Amino acid sequence: MYEEYKQDVFKYLVTLTYDTSLSEDLVSETFLGALKSLYKFKGECSIKTWLFSIARNKWYEYLRKQKPTISIDDLAYNYLLSENDLDGSLIKKELASKINTLLDNESSRTKDIIFMRIEGYSYFEIGKKYNISEGSARVIDYRTKKKIKDTLMKEGVVYE
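Residues numbered from 1 in each chain as written. Predicted model: local features only at pLDDT ≥ 70, side-chain atom pairs only at ≥ 80, totals over all residues. Heavy atoms only, no water.

1. Comments concerning the overall build of the protein chain
Along its length, the protein chain carries eight helices and zero strands. The order of helices and strands in the protein chain, counted from the N terminus, is α-α-α-α-α-α-α-α. Split into buried and exposed, the 160 residues of the protein chain put 40% on the buried side. Intrachain contacts of the protein chain at a sequence separation of at least 6 include 56% that bridge at least 24 residues. (Helix = DSSP H or I, 4+ residues; strand = E, 2+ residues; numbered from the N terminus. Buried < 20%, exposed > 50% of the residue type's maximum accessible area, 1.4 Å probe, protein only. Contact = heavy atoms within 4.5 Å.)

This is how it looks when you write it as structure tokens:
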């Protein structure tokens, strides 16, 4: 599995981190994490998608540890974009500020759920905190993200 996917995971992490050295470290952590949680893999997605998810969470863990140097605006912008949108894009502070303004219009629970996702918490962890199902946390996240994207599109804001 490592030999087959290590380059894909590395390239994906470089699009997130813009740092090859950090990406190399995170590749190792990703495959260690995959090995530890292999029993949880249900086959509902491809192994590559599953590894990308683990890699993204490892990157979020790294960012949480580096809180003083990473702004919530940077995290919000990266969170809103899909993996494909990240290729070659730079953090746009104005857009991130707009995203945070739109989040201010949401309920405190919804806003907290979004910020927990931005910081890399799993849907399971969010569900546990709010006493809701993992699926409900996923739906709240999806609908809020879609609402933000739709609002930005209506306003003519380009985020790709």
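2. Structural notes on the packing of helix α1 (residues 2-17) against helix α2 (residues 20-36)
Think of two packed helices as two axes; the pair is described by the angle between the axes and how far apart they sit. Contact geometry for α1 and α2: axes closest at 9 Å, N-to-C directions at 135°. Classed by the angle they form, the pair α1 and α2 counts as oblique. The handedness of the crossing between α1 and α2 is right-handed. In this structure, α1 contributes Y2, Y5, K6, V9, F10, L13, V14 and T17 to the contact, and α2 contributes T20, L22, S23, E24, L26, V27, T30 and F31. The class makeup of the residues in the contact of α1 with α2 is ten nonpolar, four polar and two charged. (Axes fitted to C-alpha atoms, helices over the stretch in contact; angles between N-to-C directions. Parallel < 35°, antiparallel > 145°, perpendicular 65-115°, else oblique. Left-handed = near helix turned anticlockwise from the far one by under 90°. Nonpolar A, V, L, I, M, F, W, Y, C, P; charged D, E, K, R; others polar.)

3. Quick word on the packing of aromatic side chains
Enumeration over the complete set of coordinates arrives at four aromatic pairs. Between the aromatic rings of Y12 and F52, the centroid separation amounts to 4.4 Å while the plane-to-plane angle is 5°, which identifies the pairing as stacked. In this pair, Y12 sits in helix α1 while F52 sits in helix α3 (residues 47-65), placing the two residues 40 residues apart along the sequence. Across the pair, exposure class does not vary: Y12 and F52 are buried alike. With 5.4 Å between their ring centres and 35° between their planes, W59 and Y60 make a pair best called tilted. (Phe/Tyr/Trp six-rings, centres within 6.5 Å; stacked < 30°, edge-to-face > 60°.)

4. What to know about a nonpolar patch on the surface
A cluster of nonpolar side chains, namely M1, L38 and I47, defines an oily patch on the protein surface of about 230 Å² accessible area. Examined against the element boundaries, I47 turns out to sit in helix α3. (Patch = residues over 30% accessible without salt bridge, like charges linked within 9 Å, V, L, I, M, F, W, Y side chains within 5 Å. Areas by Shrake-Rupley, 256 points an atom, 1.4 Å probe, with all protein chains shown as cover. Salt bridge = Lys/Arg side-chain N within 4 Å of Asp/Glu carboxyl O.)

5. Some thoughts on the side chain of S37
Position of S37 relative to the elements: it lies in the loop between α2 and α3. For S37, a relative accessible area of 16% puts it in the buried group. Each residue touching S37, except ones within four places of it in the same chain, is listed here: W50 and I54.

6. What about the nonpolar core?
Of all hydrophobic cores here, the largest spans 19 residues; its most connected members are V9, L13, V27, F31, L51 and W59. Going through the elements one at a time, α1, α2 and α3 are the ones with two or more residues in this core. Here the element with the most residues in this core is α3; it accounts for eight residues. In contact with L13, not counting residues within four places along its chain, are Y18, S23, L26, V27, T30, A55 and W59. I99, L102, I148 and L152 belong to the second largest nonpolar core, which has eight residues in total. (Core = buried A, V, L, I, M, F, W, Y, C linked by side-chain atoms within 4.5 Å.)

7. Section: the pattern of salt bridges
Using the criterion set out here, one finds eight salt bridges in the structure. Between K6 and E3 there is a salt bridge, and its shortest N-O distance comes to 3.3 Å. Of this pair, K6 and E3 both sit in helix α1, three residues apart, which is roughly one turn of that helix. Residues K146 and D150 are paired through a salt bridge, measuring 3.0 Å at the closest nitrogen-oxygen approach. Of this pair, K146 and D150 both sit in helix α8 (residues 134-154), four residues apart, roughly one helical turn. Given a relative accessible area of 39%, K146 falls into the partly exposed group.

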